[in-house]
Amino acid sequence: MKRRFELAALVTIKLMAMNSYLIFLFAILLSTPSYSQSFREQFTEANLLTEDGYYGVAIPIWEDLLREKTNANINYKLGSSYLNLGIDRDRALPYLLNAAKDIQKTYDPFSSDFKSAPTETYFYLAEAYHISGNIDSSELYYQKFLDQASKKQYLRPKASRGLEMCDNARELMANPVDVKITNIGAPINSPFAEYLPIVAYDENTLYFTSRRLRSDGSNDSKIEVTTGMYYEDMYVSFRSISGNWMEPELLNINAIDAHSSAVSMSADSRRIYISKTFSGNGNIYESEFIFGTGWTEPELVGSNVNSQDNEFFATITADEQRLYFVSDRSGGLGGKDIWCSNKLHNGEWGKAINMGAPINTAGDEDAPYLHPDGKTMYFSSNGHKSMGGYDIFYSQFENNEWTSPTNLGYPINTTDDDQSYISTPDGNRAYYSRKGANTVGSTDIYVVEYPVEENDRPKVDFNVFALVKGWVFPAPNQVLPAELEILIRDNETNEIKGQAKPVERNGSFV
């Protein structure tokens, strides 16, 4: 049931960050008058908000109700809301454990007098255990749910899939990959969510998305109602000569009341591709960096890429002739699929082509990244052999077809969401984002390093590309000229084989 909202009151929204709460006053649309509500009225309000997906607003109400009446039903409502919100999902477990103490098959979700929890509690409890890495308990409750739920219960397919992921997790955790994984730390990560790392080939420039409070406080009243978080903003950090990441800088093309995420950049770091969401519709844009001015106003990449549906992510090949992107448009194999488009002679993008199997599945695929060898693709999926949520996979183009995707293994992948894997050209390191209880915020950026002798990583083809990188330093008290350009020419033909401009901020070039 949908609600007709009217502006009514100021509501306290609890912005979730790490293990504490930040309190904000925010005017939201509510259908209730501004007087003290009864338990029944608050229950009805929280129920309607939950049904409409406003979990960030509903959770504080459920918490207030739980303090007033401790019963299995309120514990179930609160625990399942945390899982559906997708932020700090580890908070759900204790509430669902309490809810599971009193289960009834006959359940009235709209009754404030109902004290018991429904059979669905077992499913959400299994999911909470799965996220925490407790595979045995997760499997126990997935099976308990399947044993007691009706044959037409809508969560049965997800529970069966959960059991498959439990099996995958056991197998992968029994054969861990020899890697070193490090939280990239401050100043990149913060008590808020950071994700979608976009790293230049020389690893001296890092773009990422953050839902932090801006340093000037300009977004302090701009809260997304459904999550209780700030809108996504794009940041960039540059590595100093000493090798440390400098304080992130807010890009000049963010929208204060809409989501903006940098999702890919060109090989020379002069052009970025952006995912923007306005009024619930996501599209892919591009922006170019101009010396002395900054980033140009983002422009849509074209109607063959963008559609009336949602486009979530895009990555461009090193030669900028093909764009891979994610869309939930019709004609795919599942929810979100990876599509591609080739650049035409007139500079426009051609007709979108679904990559099909074996890349796409009946589940969701996301965040593709094509290595500069042009043959190795990394992407996230919850539809392949995942150990829980999104896992990172790779596929390689051999004999004119993509190989069956391979899971990058544990501990790179976990039982929670792991996404946006960006490999360095030599394949020795990668940057990616992951959720979990050990993060600084709800989602953090990590660096994974492979030992030189590690054989489990993808073998990239170094015969098809070469990487030239360096620094350009201006004379004392001078700045780099805007027209400065680095060219690579063929000695025999004088043909230009590569070109780049140094980064204005630190003089690095690729």
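If you're wondering where the values come from, they're calculated on a predicted model, not measured in any experiment.

S.K.: Where do I start with the overall build of the protein in this structure?
M.R.: Counting its secondary structure elements, the protein contains seven helices and 30 strands. Rg of the C-alpha trace for the protein: 24 Å, near the compact-globule value of 24 Å for 510 residues, within the 12% margin. Overall size of the protein, expressed as C-alpha extent along the three principal axes, is 85 × 50 × 45 Å. Counting only residues that meet the buried cut, the protein has 56% of its 510 residues in that class.

S.K.: Sorry if this is basic, but what is going on with the pairing of strand 19 (residues 365-370) here?
M.R.: Walk down a regular strand and you will see the side chains alternate between the two sheet faces. Burial analysis of strand 19 places six of its six residues in the buried class, the great majority of the element. Counting the residues that bridge the hairpin from strand 19 to strand 20 (residues 376-381) gives five residues, and of these Gly-374 lies at a positive phi of roughly 75°.

S.K.: I'm lost on the confidence of the model for the protein in this one. Help?
M.R.: Should pLDDT be low for a region, the predicted coordinates there are not to be read in detail. Chain-level pLDDT for the protein is 88 on average; 92% of the residues reach the 70-or-more range. Contacts from residues 1-35, a stretch scored under 50 in pLDDT, to residues over four places away or in other chains number 91 contacts.

S.K.: Sorry if this is basic, but what is going on with a nonpolar patch on the surface here?
M.R.: Together, Ile-241, Trp-471 and Phe-473 make up an exposed nonpolar region whose accessible area comes to about 350 Å². With respect to the helices and strands, the residue Ile-241 is situated in the loop between strand 8 (233-238) and strand 9 (249-250).

S.K.: For this particular structure, what's the right way to read the packing of helix 1 (residues 39-51) against helix 2 (residues 55-68)?
M.R.: Two elements in contact, helix 1 and helix 2, have axes whose closest approach is 9 Å; the angle formed by their N-to-C orientations is 150°. Judged on the interaxial angle alone, helix 2 and helix 1 are roughly antiparallel. For the pair helix 1 and helix 2, the crossing hand works out as left-handed. Here Phe-39, Gln-42, Phe-43, Glu-45, Ala-46, Asn-47, Leu-49 and Thr-50 of helix 1 lie close against helix 2, whose contacting residues are Tyr-55, Val-57, Ala-58, Ile-61, Trp-62, Leu-65 and Glu-68. For the contact of helix 1 with helix 2, a count of residues per class yields 10 nonpolar, three polar and two charged.

S.K.: Sorry, what's going on with the packing of aromatic side chains here?
M.R.: In this description, a pair of aromatic rings is defined by centroid distance and the angle of the planes. One pass over the full model with this rule turns up 22 aromatic pairs. For the ring pair Tyr-432 and Tyr-446, a centre distance of 6.4 Å and an interplane angle of 40° mean the geometry is tilted. On the criterion of sequence distance, the pair formed by Tyr-432 in strand 25 (residues 429-435) and Tyr-446 in strand 26 (residues 443-449) is long-range, its members being 14 residues apart. Tyr-446 carries the same exposure label as Tyr-432, and that label is buried. The structure contains a cluster of three or more aromatic residues connected by ring pairs, namely Tyr-76, Tyr-107, Phe-114, Phe-123, Tyr-124, Tyr-142 and Phe-145. Sitting above the plane of the Phe-39 ring, Lys-69 keeps its charged end 4.3 Å from the centroid. Above the ring of Phe-312, the side-chain terminus of Lys-336 is found at 4.8 Å from the ring centroid.

Definitions and cut-offs
Residues numbered from 1 in each chain as written. Predicted model: local features only at pLDDT ≥ 70, side-chain atom pairs only at ≥ 80, totals over all residues. Heavy atoms only, no water. Helix = DSSP H or I, 4+ residues; strand = E, 2+ residues; numbered from the N terminus. Rg over C-alpha atoms; globule rule 2.2 N^0.38 Å. Buried < 20%, exposed > 50% of the residue type's maximum accessible area, 1.4 Å probe, protein only. Pairing = 2+ DSSP bridges. pLDDT = per-residue confidence, 0-100. Contact = heavy atoms within 4.5 Å. Patch = residues over 30% accessible without salt bridge, like charges linked within 9 Å, V, L, I, M, F, W, Y side chains within 5 Å. Areas by Shrake-Rupley, 256 points an atom, 1.4 Å probe, with all protein chains shown as cover. Salt bridge = Lys/Arg side-chain N within 4 Å of Asp/Glu carboxyl O. Axes fitted to C-alpha atoms, helices over the stretch in contact; angles between N-to-C directions. Parallel < 35°, antiparallel > 145°, perpendicular 65-115°, else oblique. Left-handed = near helix turned anticlockwise from the far one by under 90°. Nonpolar A, V, L, I, M, F, W, Y, C, P; charged D, E, K, R; others polar. Phe/Tyr/Trp six-rings, centres within 6.5 Å; stacked < 30°, edge-to-face > 60°. Lys NZ or Arg CZ within 6 Å of the ring centre and 35° of its normal.

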